[in-house]
Amino acid sequence: MELKINQQVKHFNAESLSIQSLLDLEIPNKQNGIAVAINNTVVPKLNWNEYLVKESDEILIISATQGG
């Protein structure tokens, strides 16, 4: 499966992946304070386990940062 994650094309050896499974592969230790959008639509965290990404989806993973 080919996905575009934060403007980078990545390949996965899976026919289906949930958002949560994808995050477990991509950022296993930094999942607090993030938001995920698929094809410009934010997906609520409650749906990450059920929402399956599809071939050629554009995924944006946004991390909250501290600043002043």
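Everything here concerns the structure above.
Worth saying up front: this structure is predicted, and the values here are computed from it rather than measured.

### Remarks on the overall build of the chain
Helix and strand counts for the chain come out as one helix and seven strands. Listing every helix and strand of the chain by position from the N terminus yields β-β-β-α-β-β-β-β. Taken over the C-alpha trace, the chain has a radius of gyration of 12 Å; the compact-globule value for 68 residues is 11 Å, and the two agree within 12%. For the chain, the spread of C-alpha atoms along the three principal axes comes to 40 × 25 × 25 Å. Burial analysis of the chain (68 residues in total) assigns 31% to the buried set. Considering only contacts within the chain whose residues lie at least 6 apart along the sequence, 49% involve residues at least 24 apart.

### Focus on helix α1 (residues 19-26)
Residues Ile19, Gln20, Leu22 and Leu23 constitute the buried set of α1. Seen from one end, α1 has its buried residues packed into an arc of 160°, which puts them on one side. Contacts from the buried residues of α1 go to β1 (2-5), β3 (17-18), β4 (34-38), β5 (41-43), β6 (52-53) and β7 (58-63).

### Overview of the sheet that holds β7
In spatial order, the strands read β2-β1-β7-β4-β5; together these five strands make up an open sheet with mixed pairing. Only two strands of the sheet have a single partner each, and these edge strands are β2 (8-11) and β5. With strand direction ignored, the average angle separating the axes of adjacent strands in the sheet is 35°. Pairing geometry for β1 and β7, over two bridges, is parallel. Bridged to Lys4 within β7 is Glu58. Sitting on the sheet, α1 is in contact with β1, β2, β4, β5 and β7, with an inclination near 120° to β4.

### Here's the deal with the side chain of Asp57
Structurally, Asp57 can be placed in the loop between β6 and β7. This buried residue, Asp57, is left without a salt bridge; Lys54 holds the nearest opposite charge, at 4.5 Å. Looking at Asp57, its side chain comes within polar contact range of the side chain of Asn39, at 3.0 Å.

### Description of the nonpolar core
Judged by nonpolar contacts, the single largest core of 16 residues is most densely connected at Leu3, Ile19, Val53 and Ile59. Counting only elements with at least two residues in this core, the list comes to β1, α1, β4 and β7. Contacts of Val53, omitting those with residues within four sequence positions, involve Met1, Leu3, Leu17, Ile19, Ile38 and Ile59.

Thresholds, definitions, all that
- Going along each chain's sequence as written, the residues are numbered from 1 onward.
- For this predicted model, a pLDDT threshold of at least 70 governs which residues receive local features, and a threshold of 80 or more governs which side-chain atom pairs are given and counted, while totals over whole chains, interfaces and linings are taken from all residues.
- Computation of side-chain values covers all heavy atoms of the structure but excludes hydrogens and water.
- Numbered from the N terminus, helices here are DSSP runs of H or I no shorter than four residues, and strands are runs of E no shorter than two.
- Both definitions apply: the radius of gyration is a C-alpha atom measure, and the globule rule equals 2.2 Å times residues to the power 0.38.
- Accessibility here uses a 1.4 Å probe with only protein chains present; expressed as a share of the type maximum, an area under 20% marks a residue as buried, one over 50% as exposed, and anything in between as partly exposed.
- Note on contacts: a residue pair is in contact if any heavy atoms of the two residues lie within 4.5 Å.
- This arc corresponds to the set of directions leading from the helix axis out to the C-beta atoms.
- Should DSSP find at least two bridges between two strands, the strands are taken to pair.
- Axis definition: a line fitted to C-alpha atoms, limited for helices to the stretch in contact. Angles are taken between N-to-C directions and run from 0 to 180 degrees.
- Here the positive residues are Lys and Arg and the negative ones are Asp and Glu; neither His nor the chain ends is included.
- One side-chain nitrogen of Lys or Arg within 4 Å of one carboxyl oxygen of Asp or Glu is enough to make a salt bridge.
- Polar contacts, as counted here, are pairs of nitrogen or oxygen atoms within 3.5 Å of one another; within protein the pair requires one atom able to donate a hydrogen and one able to accept it, and residues that are adjacent in sequence qualify only if both atoms are side-chain atoms.
- Among buried residues, those of type Ala, Val, Leu, Ile, Met, Phe, Trp, Tyr and Cys that are joined through side-chain atoms within 4.5 Å constitute a nonpolar core.

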